[in-house]
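Descriptive structure summary
The lines below spell out each chain.
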Amino acid sequence: MAVRTANIVAARAVADAIRTSLGPKGMDKMIQTGKGETIITNDGNTMLKDMSVIHPAAKMLVDLANAQDIEAGDGTTSVVVIAGSLLGAAERLLGKGEERSYQLKIPLLIMKIVGLHPTVIAEAFQHAATKAVEILHSMSVPIQLTDRATLLKAATTSLSSKIVSQEPKLAPMAVDSVLRVIDPKTAENVDLKNIRMLKRLGGTIDDSEMIDGLVLNQQVLKSGGGPTRMEKARIGLIQFQLSPPKPDMENSIVVNDYRQMDKILKEERTYLLNMVKKIKKAKCNVLLIQKSILRDAVNDLSLHFLAKLNILAVKDIERDEVEFICKSTGCKPIADVDSFTEDKLGSADLIEEDNALGGRLTKITGVKPISTPSSSSSSGSGTTSAPAKTISLVVRGANPLILDEAERSLHDAHCVIRCLVKKKALLAGGGAPEIEVSHQLNVLSRTLTGTEAICFKAFGDALEIVPNTLAENAGLNPIKVVTELRHRHAQGETNAGVSIRSGGVRTDIREENVLQPLLVSTSAIELATETVRHILRIDDIALTR
Ligand SMILES: Nc1ncnc2c1ncn2[C@@H]1O[C@H](COP(=O)(O)OP(=O)(O)OP(=O)(O)O)[C@@H](O)[C@H]1O
Ligand SMILES: [Mg+2]
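Residues numbered from 1 in each chain as written. Chains lettered and ligands numbered in written order. Predicted model: local features only at pLDDT ≥ 70, side-chain atom pairs only at ≥ 80, totals over all residues.

For the rest of this paragraph, the subject is the overall build of the protein chain. Looking only at helices and strands, one finds 16 helices and 17 strands in the protein chain. With the C-alpha coordinates of the protein chain rotated into their principal frame, the extents come out at 105 × 60 × 45 Å. Looking at the protein chain as a whole, 45% of its 545 residues qualify as buried. Restricting the contact set of the protein chain to residue pairs at least 6 apart, pairs at least 24 apart contribute 76%. (Helix = DSSP H or I, 4+ residues; strand = E, 2+ residues; numbered from the N terminus. Buried ≥ 20, exposed ≤ 12 C-beta atoms within 10 Å, placed from the backbone. Contact = placed C-beta atoms within 7 Å.)

Written out as structure tokens, the structure reads:
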């Protein structure tokens, strides 16, 4: 019993710590990591991930936020706050202490509970959660992915709670980039890996740009005098180096006459020339070279040859960029010069250096997906050989803290749109769904009997934490707001929610464009309930050596 109580207290402490961050008027947290880095964030998952939580039950809430992040991407603060509130309800139901015993205010039966069994609570909560999800489904309104304006509202709502909420450019960028990589008519899922975000320090967030194509952080090599711009590019991505091989071990060659030296130099020349010629023969005119720690990517001589044969070169391509580059340009990585053939090249209309985006970047535009014979494109698996549509975003920001947060916020907005692609339905925001579920569970509990009735009511009441916290964080009187909301929902105003703008309750919060995906809310309730059930069922902690 003591262990269970301790677990609940520890987990609730975590939930309380991030409660102040919920909603558009929520506070941000500054976190100093063990490595001495500073992070400023409003994202629930990021906060919890970087806090050093030690208690194992409290860690379950950290994992919960992470699970929500994977499942829905947004709602990571809400899920933890809901779990904390459900744990509070469970604690009361467990009858911890006589003085805190739960009094059920149902006119028919007034009973004093002196403690329910944890598994009874866990099971009843599960049923209540299933019911809650049903209620959310019935409240939601279907949307079309072609309806860009509505998608924009959902993205704006998600961004409204972030530091970057005042930036008008981010929401359209998030929506357009997702719409660009999917087919809005048939898409069932979005692979967010097809959207590449490049962070560039300097400028303001408003200078951020969406580029239809590929942007590389690396610059074009100019020292050999080669081209810096190439139209009708045929792109080859190589994983070998254009420099003379180094011996495996440290051994030295003694050369003692000029003829021998000449011979060595000549060998090197022909070796490099042959490689570059082979590359040219395959009709490649843009060469991307993967970074290697063993050898130099190019040397002066090979650069000279490349320039002579009019091949543009970019070096230091990172290993983890290779997949994205291949996806966007349709090229295949080439490990060895002998296998350098034309079919492995990708193509683009133009590759050039761009100075406009804060520092030099290489921009590849006009990438056309190459039609491969087996173009049975299917979403999700990601194993198709046909190049997927990809897009690059260059995010600008005045300092690294803002830049990182802008990236995280943009990721949240992407996830919101992804949720809408997966499940094409929207809910009103501002605590309206939670209050409605609470109201309906309350009504339902009156038709039930016994412990289930009590648990359903407790579950519903616990969900009121969301509008309560939204109001509290916005400086409103939470009791007043929640009471009014309850009243409104009892009158059948399903979409009444906390209005931050007008500082009170609004009959239809959707008029303020506060909309959130159904998937975010349902997954928050499901995941929170699951974690609470797990915590309730633990009655002991054992240590092993
Ligand atoms: N303009 C608004 N007016 C009222 N409520 C809003 C508004 N914008 C957002 N909300 C509400 O704020 C809540 C979301 O807050 P927030 O984005 O801070 O947390 P989260 O989405 O749970 O977690 P995170 O974004 O950190 O992953 C939702 O309940 C949403 O309905
Ligand atoms: Mg959010």
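Bringing helix α4 (residues 76-93) into the picture now. Helix length check: α4, at 18 residues, gives a terminal C-alpha distance of 26 Å against a target of 26 Å (1.5 Å per residue), a fit within 8%. The buried fraction of α4 amounts to 18 of the 18 residues, a majority that puts the element mostly inside the structure. Immediately downstream of α4, the backbone of G95 shows phi near 70 degrees, a positive value. (Expected span 1.5 Å × (residues − 1).)

So, about the site of ligand 1. Residues in contact with ligand 1 amount to 27 residues; listed here are only the nearest, T76, S78, S161, G429 and G430. Going through the elements one at a time, α4, α6 (148-160) and α14 (465-473) are the ones with two or more residues in the shell around ligand 1. Tallied by class, residues from the shell around ligand 1 come to seven nonpolar, 16 polar and four charged. (Near = placed C-beta within 6 Å. Nonpolar A, V, L, I, M, F, W, Y, C, P; charged D, E, K, R; others polar.)

Taking strand neighbours across the sheet as the criterion, the three strands line up as β3-β14-β17 in an open arrangement whose pairing is antiparallel. Each end of this open sheet is capped by a strand with a single partner; those strands are β3 (141-142) and β17 (515-517). When strand β14 (residues 425-428) meets β17, the two strands line up antiparallel, connected through three bridges. The residue bridging A428 from the neighbouring strand is L515, located in β17. In the packing of helix α16 (residues 518-537) onto the sheet, contacts are made with β14 and β17, and the angle to β17 comes to roughly 65 degrees. (Pairing = 2+ DSSP bridges. Axes fitted to C-alpha atoms, helices over the stretch in contact; angles between N-to-C directions.)

The next point concerns the pairing of strand β2 (residues 38-41). Regular strands place side chains that alternate from one sheet face to the opposite one. Judged by which residues are buried, β2 turns out to be one-sided: I39 and T41 face inward and are buried, whereas T38 and I40, on the alternate face, are not. Linkage of strand β1 (residues 29-32) to β2, two consecutive antiparallel strands, is achieved through a turn of five residues, within which G36 is found at a positive phi near 95 degrees.

In this model α16 runs 29 Å from its N-terminal to its C-terminal C-alpha over 20 residues, within 8% of the 28 Å that 1.5 Å per residue would give. Counting buried residues along α16, 15 of its 20 residues qualify, which places the element largely inside the surrounding structure.

Let us now look at the environment of A432. Tracing the backbone through its elements, the reader meets A432 in helix α12 (residues 432-447). In this structure, the C-alpha to C-alpha distance between A432 and L444, residues twelve residues apart in sequence, is 18 Å. In this view, A432 contacts N495, A496, G497 and I509; residues no more than four positions away in its chain are not counted.

The next subject is the pairing of β1. Pairing of β1 with β2, which is carried by four bridges, proceeds in the antiparallel orientation. Each bridged residue has a counterpart across the sheet, and for M30 the counterpart in β2 is I40.

Following both chains from N to C, one finds helix α7 (residues 170-181) and helix α11 (residues 400-422) inclined at 50 degrees, their axes separated by 9 Å at the closest point. Classified by the angle between their axes, α7 and α11 sit oblique to one another. The handedness of the crossing between α7 and α11 comes out as right-handed. From α7, L170, A171, A174, V175 and V178 reach across to α11, where they touch S409, L410, A413, H414, I417 and R418. Along the lines of polarity and charge, the residues of the contact of α7 with α11 split into eight nonpolar, two polar and one charged. (Parallel < 35°, antiparallel > 145°, perpendicular 65-115°, else oblique. Left-handed = near helix turned anticlockwise from the far one by under 90°.)

For the rest of this paragraph, the subject is unusual backbone geometry. Unusually for a residue other than glycine, K283 sits at a positive phi of about 65 degrees. One can find K283 in the loop between α8 (258-281) and β8 (286-290). The phi dihedral of N310 is positive, around 60 degrees, even though this residue is not glycine. Mapping N310 onto the fold places it in the loop between α9 (300-308) and β9 (312-317).

So, about the sheet that holds strand β5 (residues 209-211). With mixed pairing, the three strands of this open sheet are ordered in space as β4-β13-β5. Taken across any chain shown, the strands that pair with only one partner, and hence form the sheet edges, are β4 (195-201) and β5. For this sheet, the mean angle separating the axes of adjacent strands, direction not counted, is 20 degrees. Alignment of β4 against strand β13 (residues 391-397), held across seven bridges, turns out to be parallel. Note on β13: the bridge partner recorded for I195 is I391.

It is worth spelling out the packing of α12 against helix α15 (residues 478-490) at this point. In contact at an axis separation of 10 Å, α12 and α15 are set at 65 degrees when each is read in the N-to-C sense. Judged by the twist between their axes, the crossing of α12 over α15 is right-handed. Where α12 approaches α15, its residues I435, E436 and H439 are matched on the opposing element by L485, R486, H489 and A490.

The next subject is the confidence of the model for the protein chain. Here the protein chain averages 85 in pLDDT, while 92% of its residues score no lower than 70. Below a pLDDT of 50 lies the segment residues 107-111, which in the model reaches two contacts outside its immediate sequence neighbourhood of four places, other chains included. Segment residues 371-387 is flagged for pLDDT under 50; beyond a separation of four residues in sequence, or across chains, it makes 18 contacts in the model. (pLDDT = per-residue confidence, 0-100.)

This part covers the environment of L61. Relative to the helices and strands, L61 is located in helix α3 (residues 56-71). It is 11 Å that separates the C-alpha atoms of L61 and G44, two residues lying 17 residues apart in sequence. Leave out the neighbours within four places in its chain, and L61 touches A11, V14, A15, L48, V80, A83 and T531.

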